[in-house]
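Summary of structural features
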Amino acid sequence: MCHSTTTSLLLAVSSALAPTGDAGTPRPDLAEIAERGRQTLEKLEEHPATWRAVHSSLDESVFEVSVARQGDKGRYELSHKRGWRSTPLLTVIEHGDVWYVSELGQRPTKYRRLEAPVNLVGAYNYLTRSDPYVILDPTFFDDMSFVGMTEQDATFRRRLQPDEERRVSQAAAIFRQTRSGSDPDPAQLRTLRSLDLMLENGVELRLDLETGILVRSGQPSDTIEIRDFRWRDRLDQEFLVDDQRYEDHTASSFHARPEDLMMILHNPRWKPGAVTDAVDAVLVNISTKEVRRVPFEGVASAPGCFSKDRTKVYVAGEDHDMGGYVLAEIDLRTGENRRLCVEPLFGHMIAMPRLSNDGTRLAMVASSMDPGTTHLKDAVANMLAFQVCVVDIESDSLSRIGEARDQAFVSWLPGDKELLLLVREGGNSDRQTGHTICRMTLDGKVTPILEGDWPLLIPPGKTFLFRNLEDDLWYIADTDVQNVRRIGDGLPRHGFPAVSPRGDRAVIMRYGGDDGPVPVLVSLPGGSSTPMNLGKGLWATPAWE
C-alpha cells in the first residue's frame, strides 16, 4: 500500500470519530435487536442466504457485489454501475479455502483464499466489506443521536465532538492547501467533499430491525448498503465450478524455496502517465516469476518483512473494520491473520516493519499527529512526524522510542540494541539535503553517522546500502562508516532497495523507462543487474528479507 499522506490522514481522522447525539430521543429496543443480530450470525453459519452489497461514492460511481452463501461456500459477483449501465467485473466462488476466480478479460483461475492477484486491485475493498455487519453490543449506540424509524429500520447519526471536529477541519484545510491549481485531482475533491459533509452532518448508520444487520454505514465518500437480504430454502447452482476449466495456482510448490519469495506492491492495470494509489502487496517467486496476493484480510497491504523461517510475513494494511491501518502477522502456510498492538496503533499510519535479528520484535515508524495542533502550518509539518516503535511479537506489547520527527527506513543493527535509520530535516521528504543516516539506541539516543538516503542493512549486518546525496549513486559502507565503495556503476536512477536473506543480491526499482518503474535483480557487491520482467502494471517498494 502505498497511500498518499492525505489519504492516510483521512483514514486516521475517520477512525477517531466519537459518536455523540441527543440521548433523550426515544429509541427502539436495542438489546432485542442485538439478540436478533446474534441469531442472524448463528443462522448464517449453515442456512443459505443471498443479499446485495452496494458501495457508493460521491462521483456517482457504484460497485455492487451480489452474494450467495451457504456454510463454507460462497459466491461473490462484482459489477460496476454508472447510470443505467452495469459491467460485470469479477466472480469469486468460494469452496472452503479455495477461490475459483473469473475476471473480465482473464482466464479462469483458482487460488487459495485471498491469494488471487486480480487485475482490479480495488476489488478486495468491495469483496472484504460485503458480508453483513451485525452490532451485538447495544451500548454501541449509547452516545448516538436517534434520527427516526420505519417498519424496517432505525437510523442513527454520529456527530463530531470538538476534538474530532478540529481534526477533520485540519484535514479539510490541508486538502485545500495541497490540491493542484485550476485542475485539481477529482479524488482529492471527493475526499474534501466527504470531510465537509462529516463536519456538517456527522456519519449516518441504519440498522435493520428484523435481522440486526447494519444496512447502511461508511463515510460520505464511501457508503455501504446491504440490500435485499433473504433467507433461501436451498442454493446449489450458485456454487458449481465444473462448468469451466480453472487454471490451478493452489499448489504449495510456490513456497518450495522460501528464500526466493519477496513482497512488492503491484497494480496490474496501471499505465505510464497514470496517477494511482490503488496498489496491494503481492508475493513474487523470484525463480519462477509467479505472483500471489499477500493473503491479508482487509482492503490492501504494504510490504514489511518475513519471519526468521520465512513462513510468515508482517505487513501494514488498510482494514475498514478496524477503521484505518493495522499491523498484521500472516501465516503463509495457513492464511491465518493476526492483528498486533491494535489499541496503541489505532488511528495511526504505520510503515516499514522490520524484524529483529533474533526474530522476536518488530521496529517500524508510526505517525504522530498532535491533536492539540490548531495552526495549519503545524498540522502540515506533523503529517511528516513519525515515531519509531518496537513491537514485541509474542507479548503483543509496544514501546515508543525517542521523539517524533521526519524519519524512516529502520533496520536492526547486530545485537538488536541499536537501530539504523534515516532522519530528515526541513519538513520536506523530497529535499536532497538534510538527510542523515543515524544510529538510534532503544532509549532514543540518536547519533548521526553519514549524510545519505535509503539506508538498508545487508545480512549479516556488518554493511549497509545507501544512496549518496552528492551524485545520487548507490554505495556500500561498513556499519562503522569505513570502506565506503560504489556498487558497480552506482545504479543511477534507482531507488527502494530490498536485500536478499543471504545478502548476496538485491531487488531495486529502476526509474525513467517508458514502462514506468522496473524491478531489477542486482548482484552484491558487484552491481551487475538484470530486469525481472514481472509483467505489466505498476511495481513499487519491494521487501525481501
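Residues numbered from 1 in each chain as written. Predicted model: local features only at pLDDT ≥ 70, side-chain atom pairs only at ≥ 80, totals over all residues. Heavy atoms only, no water.

**Structural notes on the overall build of the chain**
Looking only at helices and strands, the chain features seven helices and 36 strands. Across the 545 residues of the chain, 52% fall into the buried class. Residue pairs at least 24 apart in sequence account for 52% of intrachain contacts in the chain once pairs closer than 6 positions are excluded. Counting only carbon and sulfur atoms, one obtains 47% of the accessible surface of the chain, whose full area is about 24,900 Å². (Helix = DSSP H or I, 4+ residues; strand = E, 2+ residues; numbered from the N terminus. Buried < 20%, exposed > 50% of the residue type's maximum accessible area, 1.4 Å probe, protein only. Contact = heavy atoms within 4.5 Å. Areas by Shrake-Rupley, 256 points an atom, 1.4 Å probe, with all protein chains shown as cover.)

**Re the nonpolar core**
Core analysis: the biggest nonpolar cluster contains 31 residues, and Leu327, Ile350, Leu362 and Val388 have the highest contact counts within it. Put simply, the parts of the chain that give this core at least two residues each are strand S17 (312-319), strand S18 (324-331), strand S20 (350-355), strand S21 (361-367), strand S22 (386-392), strand S24 (407-412), strand S25 (418-424) and strand S26 (435-441). When near neighbours in sequence (up to four residues on either side) are disregarded, Ile350 contacts Ala316, Tyr325, Val326, Leu327, Leu345, Met364, Val365 and Ala366. In this structure, Phe63, Val101, Ala116 and Val134 belong to the second largest nonpolar core, which totals 28 residues. (Core = buried A, V, L, I, M, F, W, Y, C linked by side-chain atoms within 4.5 Å.)

**Quick look at the environment of Thr530**
Relative to the elements of secondary structure, Thr530 occurs in strand S35 (residues 529-531). Residues Thr530 and Val507, 23 residues apart in the sequence, show an inter-C-alpha distance of 9.6 Å. In this view, Thr530 contacts Val520 and Leu521; residues no more than four positions away in its chain are not counted.

**Points about empty space enclosed by the protein**
Taking a probe equal in size to a water molecule and rolling it over the atoms shows the remaining empty space. On inspection of all chains with the given rule, the structure shows four cavities of 30 Å³ or more. The space that makes up the largest cavity amounts to roughly 80 Å³. In this structure, the largest cavity is lined by Ala116, Pro117, Val118, Leu120, Val121, Tyr124, His266, Pro268, Asp280, Val282 and Arg293. For the lining of the largest cavity, the class distribution of residues is eight nonpolar, one polar and two charged. (1 Å grid on protein atoms, 1.4 Å probe; cavity = no way out; pocket = protein on both sides within 12 Å on 5 of 7 lines; lining within 4 Å. Points joined across faces, edges and corners; volume = space filled by probe spheres on them. Nonpolar A, V, L, I, M, F, W, Y, C, P; charged D, E, K, R; others polar.)

**Side note on the pairing of strand S2 (residues 62-70)**
Summarising the sheet, strand S1 (residues 49-56) and S2 pair through eight bridges and their orientation is antiparallel. Residue pairing across strands places Thr50 opposite Ala68, the latter belonging to S2. Where S2 lies against strand S3 (residues 73-82), nine bridges are found, and the strand directions are antiparallel. Paired with Arg69 across the bridge in S3 is Gly74. (Pairing = 2+ DSSP bridges.)

**Describing helix H2 (residues 30-44)**
With 15 residues, H2 ought to run about 21 Å at 1.5 Å a step, and its terminal C-alpha atoms sit 21 Å apart, in line with that. Those residues of H2 that sit buried are Leu30, Ile33, Ala34, Gly37, Thr40 and Leu44. Buried residues in H2, looked at end-on, bunch into an arc of 110 degrees, giving them a common side. Here the buried face of H2 lies against S1, strand S8 (153-158), strand S9 (203-208) and strand S11 (222-231). (Expected span 1.5 Å × (residues − 1). Arc of directions from axis to C-beta.)

**Details of the environment of Leu456**
Within the secondary structure layout, Leu456 lies in strand S28 (residues 453-458). Residue classification places Leu456 among the buried positions, given a relative accessible area of 6%. Between the C-alpha atom of Leu456 and that of Phe496, which follows or precedes it by 40 residues, the distance is 9.4 Å.

**Notes on the sheet that holds strand S30 (residues 474-478)**
Strand pairing in a sheet relies on backbone hydrogen bonds. The paired strands run either parallel or antiparallel. Read across the open sheet, the four strands follow the order S28-S29-S30-S31; overall the sheet is antiparallel. One side of each edge strand has no neighbouring strand; the edge strands of this open sheet are S28 and strand S31 (485-486).

**Remarks on the pattern of salt bridges**
Counted according to the given criterion, the structure contains 32 salt bridges. Of the charged contacts in the structure, one is a salt bridge between Glu545 and Arg354, with a shortest N-O distance of 3.1 Å. Of this pair, Glu545 sits in the segment after strand S36 (538-543) while Arg354 sits in strand S20; the two residues are 191 residues apart in sequence, bridging distant segments of the chain. In this structure, a network of salt bridges that share partners links the residues Asp153, Arg157, Glu204, Arg206, Arg216, Glu225 and Arg227. (Salt bridge = Lys/Arg side-chain N within 4 Å of Asp/Glu carboxyl O.)

**Some details on the environment of Val92**
Note that Val92 resides in strand S4 (residues 85-95). Using a relative accessible area of 3% as the deciding quantity, one classes Val92 as buried. Expressed as a C-alpha distance, the spacing of Val92 and Leu127, which sit 35 residues apart in the sequence, is 9.0 Å. For Val92, the contacting residues outside a window of four places in its chain are Gly74, Arg75, Tyr76, Trp99, Tyr100, Val101 and Leu127.

**Some thoughts on the sheet that holds S22**
If you trace the four strands from one edge of the open sheet to the other, you get S20-S21-S22-S23, paired in antiparallel fashion. A single partner strand is all that each edge strand has here, and the edge strands are S20 and strand S23 (397-405). On average, each strand axis in the sheet is tilted by 20 degrees relative to the strand beside it, whichever way the strands run. Summarising the sheet, S20 and S21 pair through four bridges and their orientation is antiparallel. Counted as the bridge partner of Leu355 is Leu362 from S21. (Axes fitted to C-alpha atoms, helices over the stretch in contact; angles between N-to-C directions.)

**Let's talk about the packing of aromatic side chains**
Under the counting rule described, the total for this entry stands at 14 aromatic pairs. Taking 5.9 Å as the distance between ring centres and 15 degrees as the angle between the ring planes, the aromatic pair formed by Trp99 and Tyr124 counts as stacked. Here the residue Trp99 occupies a position in strand S5 (residues 98-103), and Tyr124 occupies one in helix H3 (residues 123-127), the gap between them amounting to 25 residues. Through a chain of ring-to-ring contacts, the aromatic side chains of Phe140, Phe141, Phe146 and Phe156 assemble into a single cluster. Between the NZ or CZ atom of Lys43 and the centre of the ring of Trp231, over which it lies, the distance is 4.4 Å. It is Arg310 that lies over the ring of Phe306; its NZ or CZ is 3.9 Å from the centre. (Phe/Tyr/Trp six-rings, centres within 6.5 Å; stacked < 30°, edge-to-face > 60°. Lys NZ or Arg CZ within 6 Å of the ring centre and 35° of its normal.)

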